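What follows is each chain in one-letter form.
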Amino acid sequence: MIGANDSGVFFNPNDFGSPAILHLPGVDKPVTVIFKDPKQTAKLKHGGFIDNTSASILLPAADAIGVCIRSLVTVSGQQWMVERPPAPDGNGMTRIYLGVKDANQPTKPAIRY
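Here the structure is a predicted model, which means the values were calculated and not measured. (Residues numbered from 1 in each chain as written. Predicted model: local features only at pLDDT ≥ 70, side-chain atom pairs only at ≥ 80, totals over all residues. Heavy atoms only, no water.)

K.L.:
Explain the pairing of strand β9 (residues 93-100) to me, please; I cannot follow it from the model alone.
P.N.:
Looking down a regular strand, the side chains alternate between one sheet face and the other. By the bridge criterion, six bridges tie strand β5 (residues 55-60) to β9 in an arrangement that is antiparallel. Note that in β9 the partner of leucine 58 across the bridge is arginine 95. Where strand β8 (residues 87-88) lies against β9, two bridges are found, and the strand directions are antiparallel. For alanine 87, the partnering residue across the bridge sits in β9 and is arginine 95. (Pairing = 2+ DSSP bridges. Helix = DSSP H or I, 4+ residues; strand = E, 2+ residues; numbered from the N terminus.)

K.L.:
Please clarify how the environment of glutamine 79 should be interpreted in this entry.
P.N.:
Here glutamine 79 lies in strand β7 (residues 78-82). Relative accessible area serves as the criterion here: at 32%, glutamine 79 is assigned to the partly exposed category. Considering only alpha carbons, one finds glutamine 79 and leucine 22, 57 residues apart in sequence, at a separation of 9.9 Å. (Buried < 20%, exposed > 50% of the residue type's maximum accessible area, 1.4 Å probe, protein only.)

K.L.:
Just to check I follow, could you spell out the environment of alanine 64 for this structure?
P.N.:
On the secondary structure map, alanine 64 appears in the loop between β5 and β6 (72-75). Residues alanine 64 and valine 31, 33 residues apart in the sequence, show an inter-C-alpha distance of 9.2 Å. In contact with alanine 64, not counting residues within four places along its chain, are Leu59, Thr94 and Ile96. (Contact = heavy atoms within 4.5 Å.)

K.L.:
In this structure, what is going on with the pairing of β5? I would like to understand it.
P.N.:
Along β5, five of the six residues are buried, which leaves the element largely enclosed by surrounding structure. Bridge count between strand β2 (residues 27-36) and β5: three bridges; the pairing is antiparallel. Following the sheet pairing, isoleucine 34 is matched in β5 by leucine 58.

K.L.:
Sorry, what's going on with the environment of alanine 55 here?
P.N.:
If you trace the backbone, alanine 55 turns up in strand β5. When the C-alpha atoms of alanine 55 and tryptophan 80 are compared, they prove to be 8.9 Å apart, with 25 residues separating the residues in sequence.

K.L.:
Explanation requested: the nonpolar core in the structure shown.
P.N.:
As a rule of thumb, soluble globular proteins bury nonpolar side chains together. Leu22, Ile57, Leu59, Ile96 and Leu98 are the most contacted members of the largest nonpolar core, which has 17 residues in total. Taken together, the elements giving at least two residues each to this core come down to β1 (17-24), β2, β5, β6, β7 and β9. Ignoring anything within four residues of it in the chain, the contact list for leucine 98 reads Phe35, Ala55, Ser56, Ile57, Val73, Trp80, Met81, Val82 and Glu83. (Core = buried A, V, L, I, M, F, W, Y, C linked by side-chain atoms within 4.5 Å.)

K.L.:
Help me understand the side chain of histidine 23, please; the structure alone is not making it clear to me.
P.N.:
Looking at the element boundaries, histidine 23 is found in strand β1. A polar side-chain atom of histidine 23 sits 2.9 Å from a polar atom in the side chain of aspartate 28. Leave out the neighbours within four places in its chain, and histidine 23 touches Asp28, Leu72, Val73, Thr74 and Gln79. (Polar contact = N/O pair within 3.5 Å; in protein donor to acceptor, adjacent residues only side chain to side chain.)

K.L.:
I'm lost on unusual backbone geometry in this one. Help?
P.N.:
Glycine aside, residues mostly have negative phi, and peptide bonds are mostly found in the trans state. Of note in the backbone geometry, arginine 70 takes a positive phi value of approximately 75° without being a glycine. Note on placement: arginine 70 falls in the loop between β5 and β6. If you check the backbone angles, serine 76 has positive phi at about 50° while not being a glycine. Along the chain, the position of serine 76 falls in the loop between β6 and β7.

Right, dumping it as structure tokens:
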């Protein structure tokens with residue numbers, strides 16, 4: 001039985017975990033995350049598909065410290081840019097929404113937060 005503090009079992013790279021690197025100011029921080037890949041599609045038994053429209057990662061909140069909008073994240077060899085403020089879930093985990101990194105994107109947001 002999995003208890004409240006046993007979420008680490010899901011971050012095992014042999015199960016759901018994916019290695020990632022958070023590119024923070026002055027340091028690259030290796031972490032293990034659960035990656036919601038927008039390229040993953042599930043086929044339904046009686047026809048149709050379900051697909052994911054936005055990429056995100058889920059990680060322990062302690063690992064997400066220092067991540068902010070426009071931070072870079074590398075997951076499975078692909079570089080992404082954080083597109084929204086990290087969203088803590090209140091249970092010790094944080095969801096970070098990712099957008100495709102484009103070299104033409106400015107490093108600072110146009111809107112002040």
